[in-house]
Amino acid sequence: MNTAVVQEDRRTTNPRMVLGVVAVAVLLSSLDLFIVNVALPRIAEDFSGARISGLSWVLNAYAIVYAALLVPAGRLGDRNGHKTAFLTGLGVFVLGSALCAVAPNSAALVAFRVVQAAGAALLTPSSLGLLLAATPAEKRATAVRLWVAFGGLGAALGPVAGGLLVELHWRWVFLVNVPLGIIALIVGARLLPRPTGTGGPLPDGVGALALIASVASLILAVVKGEDWGWASTGVLGAVAAAVVFAAVFVASSRRHHSPVVDPGLLKAPNFGVVLANSLLFNTAFAAMLLSAVLWMQNVWGWSALKTGLGIAPGPLVVPIVAISAGRFIARVGVGRVLALGGVAFAAGIVWWAQGVALHANYASGFLGGMLLTGLGVGLTLPTGTAAGTSGLPPQQFATGSAVLTMARQLGMAVGVAILVAVLGSPHGGPATLTAFQHGWYVVAAVSVAAGALGLAVRMPKAAGAPG
């Protein structure tokens with residue numbers, strides 16, 4: 001990356017404005033991973049004859065394509081320039097959203113969700129590259145924590161926003177992205193910095209395709225394992241394909257002069273540890289979120305909107321912690337903060353396992369645990385991403401953040417699968433409570449394991465200093 005260009009961008013660009021633009025885009029793309037869930041029953045009603053099982057591809061197609069394209073998209077952003085990649089991705093995402101809002105049938109909706117996901121995958125890693133390019137080094141940790149907080153906020157507020165928008169019409173779930181996205185495009189085209197890309201030859205095409213195919217196959221196996229059966233031909237074939245394509249990716253990356261992921265990336269300070277921490281913690285996060293939705297709706301009989309509002313206190317804690325944690329991180333160290341985040345999250349889950357009852361006891365049995373999980377997310381996700389990207393050279397900002405985001409998506413898919421497998425199909429209230437308690441203890445254990453991994457992160461205190 002041309003240092004002079006980056007320095008010029010910092011002098012002429014307000015980092016807060018850059019954060020505002022990229023935060024809107026990241027919030028929308030993250031929100032769309034979850035906001036559509038609550039709309040599926042209404043979509044099925046509108047598309048007469050469409051089955052929920054078939055409409056599940058409205059969710060699965062987005063998750064699979066988004067996760068699979070993240071790393072190649074990040075590599076292209078590093079090569080061609082983050083502003084170009086970000087604005088292109090945002091434009092594609094807005095177009096896909098508009099098409100989803102007018103989809104005439106379920107098949108078209110699934111196809112347009114693929115367009116949405118491709119745009120989200122392109123804009124997400126480049127958004128962090130832009131933010132880092134516009135932010136002085138001493139303030140990057142704070143900027144990264146805020147960037148991650150917006151993504152986590154979008155994921156967790158999905159049920160709330162979805163419930164509100166579905167009350168108008170399910171098409172508003174997609175249509176709401178259009179005006180917000182267009183505003184971000186206009187402002188971004190004028191005010192975002194334009195750090196130069198690394199240039200050079202195109203990334204390894206064979207490696208890129210192999211990585212896309214491997215991640216897509218693995219996500220497919222995880223998200224469809226319960227429906228198809230974990231020992232079914234479809235799931236085993238998808239896992240086998242993921243392994244084969246991963247081997248092709250590794251072999252091609254070793255030989256090619258311009259690999260999609262530089263093997264040296266894992267040698268960057270803390271990157272490998274943060275990658276593992278992110279995978280485990282997001283496994284717990286996704287299982288937590290799904291368990292809360294299932295308990296409130298299926299056991300307590302709450303509506304989608306009431307469920308979303310019940311979940312909201314946790315997500316609202318996340319940006320508060322992300323903004324205020326800088327001095328605490330500088331005082332105790334990044335590793336201890338990651339460990340504390342894992343323990344706080346686990347404590348919230350154990351709170352549910354010990355306090356939730358078959359009758360709705362939200363204030364005494366659920367709220368405290370939700371606030372603790374929000375504290376855990378606010379301490380872990382922003383801090384981990386800041387630690388993982390701090391040691392990267394500027395020319396690998398987008399690729400490195402894409403790898404971390406891909407790990408988050410893989411972890412979330414695994415978390416859902418684990419929770420569904422542990423819950424099984426209990427019959428009756430007591431059996432259901434016992435099943436959920438078992439699931440919550442498993443989730444808590446995964447979160448503690450993530451925190452224990454976080455202890456291995458070693459960074460200078462300055463890296464966590466408040467901006």
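Residues numbered from 1 in each chain as written. Predicted model: local features only at pLDDT ≥ 70, side-chain atom pairs only at ≥ 80, totals over all residues. Heavy atoms only, no water.

Draft legend 1. Representation of the pattern of salt bridges. Tallied over the entire structure, the rule returns one salt bridge. Here Lys-224 makes a salt bridge to Asp-227, at a shortest N to O gap of 3.2 Å. Taken together, the residues Lys-224 and Asp-227, both in helix 10 (residues 205–228) and three residues apart, mark about one turn of the helix. Accessibility expressed as a relative area gives 56% for Asp-227, which makes it exposed. (Salt bridge = Lys/Arg side-chain N within 4 Å of Asp/Glu carboxyl O. Helix = DSSP H or I, 4+ residues; strand = E, 2+ residues; numbered from the N terminus. Buried < 20%, exposed > 50% of the residue type's maximum accessible area, 1.4 Å probe, protein only.)

Draft legend 2. Up close: the nonpolar core. With 112 residues, the main nonpolar core has Phe-86, Phe-345, Trp-352 and Phe-366 as its most contacted residues. Considering each element in turn, this core owes the most residues, 13 residues, to helix 12 (residues 271–299). In contact with Phe-86, other than residues within four places in its own chain, are Val-21, Val-22, Ala-25, Leu-123, Ser-126, Ser-127, Leu-130 and Leu-192. With 24 residues, the next largest nonpolar core counts Phe-47, Val-58, Leu-59 and Val-166 among its residues. (Core = buried A, V, L, I, M, F, W, Y, C linked by side-chain atoms within 4.5 Å. Contact = heavy atoms within 4.5 Å.)

Draft legend 3. Up close: the packing of aromatic side chains. Scanning the model with the defined rule gives 14 aromatic pairs in all. Taking 6.2 Å as the distance between ring centres and 90 degrees as the angle between the ring planes, the aromatic pair formed by Trp-170 and Phe-174 counts as edge-to-face. Assigned by exposure class, Trp-170 and Phe-174 land together as buried. Judged by centre distance (6.4 Å) and plane angle (75 degrees), the ring pair of Trp-295 and Trp-300 falls under edge-to-face. Side by side, Trp-295 and Trp-300 carry an identical accessibility label, which is buried. An aromatic cluster of three or more residues is present, and its members are Trp-295, Trp-300, Trp-302, Trp-352, Tyr-362, Phe-366, Phe-436 and Trp-440. (Phe/Tyr/Trp six-rings, centres within 6.5 Å; stacked < 30°, edge-to-face > 60°.)

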